[in-house]
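Remarks on the overall topology
What follows is the residue order along each chain.
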Amino acid sequence: MIHMRVGWAITGAGHLLDESVEILEKIAKNNKVTVFLSNAGEEVLKMYGLYERVTGLTGGYYNELVLDSDQRFSYPISGRLSLGKYDLLIVSPATSNTVAKIVHGISDTLITNSVAQAGKGNVKTLIVPVDLESGDVKTILPSKLELERCADCDVCIASNSCEQGAIIPKIEINLSKCIGCGKCKDYCPYNAISEGKIVTIHMREVDIKNSHKLVLIEGIDVLKDPKELLSYF
Ligand SMILES: Cc1cc2nc3c(=O)[nH]c(=O)nc-3n(C[C@H](O)[C@H](O)[C@H](O)COP(=O)(O)O)c2cc1C
């Protein structure tokens, strides 16, 4: 039985992305979910090899995949939100960029415009910002060429095996072409390609402050972890 009509927006954050997709999959089982992807969201999902998992959940009325890259300037699709056609709008993960725009009332992308229209249509909006607490956080990287392990082979088997042409031997992986399939990792005999490496990044105060300002906007709840979204269903 279908319980709720949900809009799920994904922005271009690697942090909390895998966790968000996991919860999206759970929610999509019993609810009609329209997936909204920012331009960066579309790219970053591909880099982390998660794009097909998300697009595979879509198809049908109110279950569409809506790409900012397919839209023009006025985002007519978000009229559904201003008309209150959804029970919930979720933004998870929400980048510092999208959060900054929302708290300043800017609505010039598919996602920021959807949040603004949801406010006008009294559609409750749940946001999981990636920058919520001060200090350092551990986050996960997409595929990366580890130069200190690269043996500078005459023929780079990993590069030749990449159907996307994403590997520039001895230099880097062009993430704009990478689809995160991870096959290259198995081809390199020197183990010079890492996938899912954990790194520590520092949270900027400006981003944290913006995330905390989100709760001041009517109709918006801020959540720390995508798992908390489940309590709304
Ligand atoms: C691999 C990768 C991971 C990223 N992860 C984050 C992140 O965790 N948080 C963030 O705020 N921006 C992250 N970014 C940068 C955003 O994608 C970038 O600021 C983009 O303009 C955000 O656009 P959007 O808010 O419209 O999705 C990442 C970029 C790349 C290439």
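All values reported here derive from a predicted model rather than from experimental measurement.

About the criteria used
- Residues numbered from 1 in each chain as written.
- Predicted model: local features only at pLDDT ≥ 70, side-chain atom pairs only at ≥ 80, totals over all residues.
- Heavy atoms only, no water.
- Near = heavy atom within 4 Å.
- Polar contact = N/O pair within 3.5 Å; in protein donor to acceptor, adjacent residues only side chain to side chain.
- Areas by Shrake-Rupley, 256 points an atom, 1.4 Å probe, with all protein chains shown as cover.
- 1 Å grid on protein atoms, 1.4 Å probe; cavity = no way out; pocket = protein on both sides within 12 Å on 5 of 7 lines; lining within 4 Å.
- Sits in = over half its atoms within 2 Å of the grid points.
- Helix = DSSP H or I, 4+ residues; strand = E, 2+ residues; numbered from the N terminus.
- Nonpolar A, V, L, I, M, F, W, Y, C, P; charged D, E, K, R; others polar.
- Buried < 20%, exposed > 50% of the residue type's maximum accessible area, 1.4 Å probe, protein only.
- Pairing = 2+ DSSP bridges.
- Right-handed = clockwise from strand over helix to strand, strands pointing away.
- Domains from an automatic or database assignment.
- Contact = heavy atoms within 4.5 Å.
- Buried area = accessible area lost by both parts, 1.4 Å probe.
- Salt bridge = Lys/Arg side-chain N within 4 Å of Asp/Glu carboxyl O.
- Points joined across faces, edges and corners; volume = space filled by probe spheres on them.

1. Considerations on the site of the ligand
- By nearness alone, 16 residues border the ligand, and Gly12, Gly14, Ser38, Thr95 and Thr98 come closest of all.
- Residue Gly14 places a main-chain N or O atom 2.9 Å away from a nitrogen atom belonging to the ligand.
- Within the contact set of the ligand, an oxygen atom lies 3.2 Å away from a backbone nitrogen or oxygen of His15.
- When the free accessible area of the ligand is taken as 640 Å², the share hidden by the protein chains comes to 67%.
- Taken atom by atom, the bulk of the ligand overlaps the largest pocket.
- Looking at the shell around the ligand, the elements with two or more residues in it are α2 (39-47) and α5 (96-103).
- Of the residues that constitute the shell around the ligand, the class distribution is seven nonpolar, nine polar and no charged.

2. Description of the pairing of strand β1 (residues 5-10)
- Burial runs high along β1: five of the six residues are buried.
- The pairing of β1 with strand β2 (residues 32-37) spans six bridges and is classified as parallel. Each bridged residue has a counterpart across the sheet, and for Ile10 the counterpart in β2 is Leu37.
- Where the polypeptide runs from β1 across helix α1 (residues 17-30) and back to β2, its parallel neighbour, the crossover connection is right-handed.

3. Here we look at the domain arrangement of the protein
- In terms of domains, the protein is made up of domain 1 (5-133 + 204-232) and domain 2 (143-195).
- Across the boundary between the two partners, domain 1 contributes four residues, which contact four residues of domain 2.
- Taken over both partners, the interface formed by domain 1 and domain 2 buries close to 340 Å², and the fraction arising from carbon and sulfur atoms is 59%.
- If you sort the residues of domain 1 by the area they bury against domain 2, Lys46, Met47 and Gly49 come out on top, with a joint share of 93%.
- The tally of links between domain 1 and domain 2 comes to zero salt bridges.
- Our count for the domain 1 to domain 2 interface comes out at one residue pair in polar contact (both at pLDDT 80 or more).
- The residue inventory of the side of domain 1 that touches domain 2, partitioned by class, reads two nonpolar, one polar and one charged.

4. As for the side chain of Ser38
- Turning to its location among the elements, Ser38 is positioned in the loop between β2 and α2.
- On the accessibility criterion, Ser38 (10% relative accessible area) is buried.
- Here Ser38 is in contact with Ile10, Thr11, Gly12, Asp68 and Ile111, once residues within four sequence places are set aside.

5. Re empty space enclosed by the protein
- All told, the structure shown has one cavity of 30 Å³ or more when counted by the stated rule.
- One number sums up the size of the largest cavity: a volume of about 160 Å³.
- Surrounding the largest cavity, 17 residues form its lining, Cys150, Cys153, Cys156, Ala158 and Cys188 being those nearest its centre.
- Of the residues in the lining of the largest cavity, the class split is 15 nonpolar, no polar and two charged.

6. Quick notes on α2
- Residues of α2 that are buried include every one of Gly41, Glu42, Val44, Leu45 and Met47, and no others.
- Buried positions along α2 lie against β1, α1, β2, α3 (51-55) and β3 (65-67).

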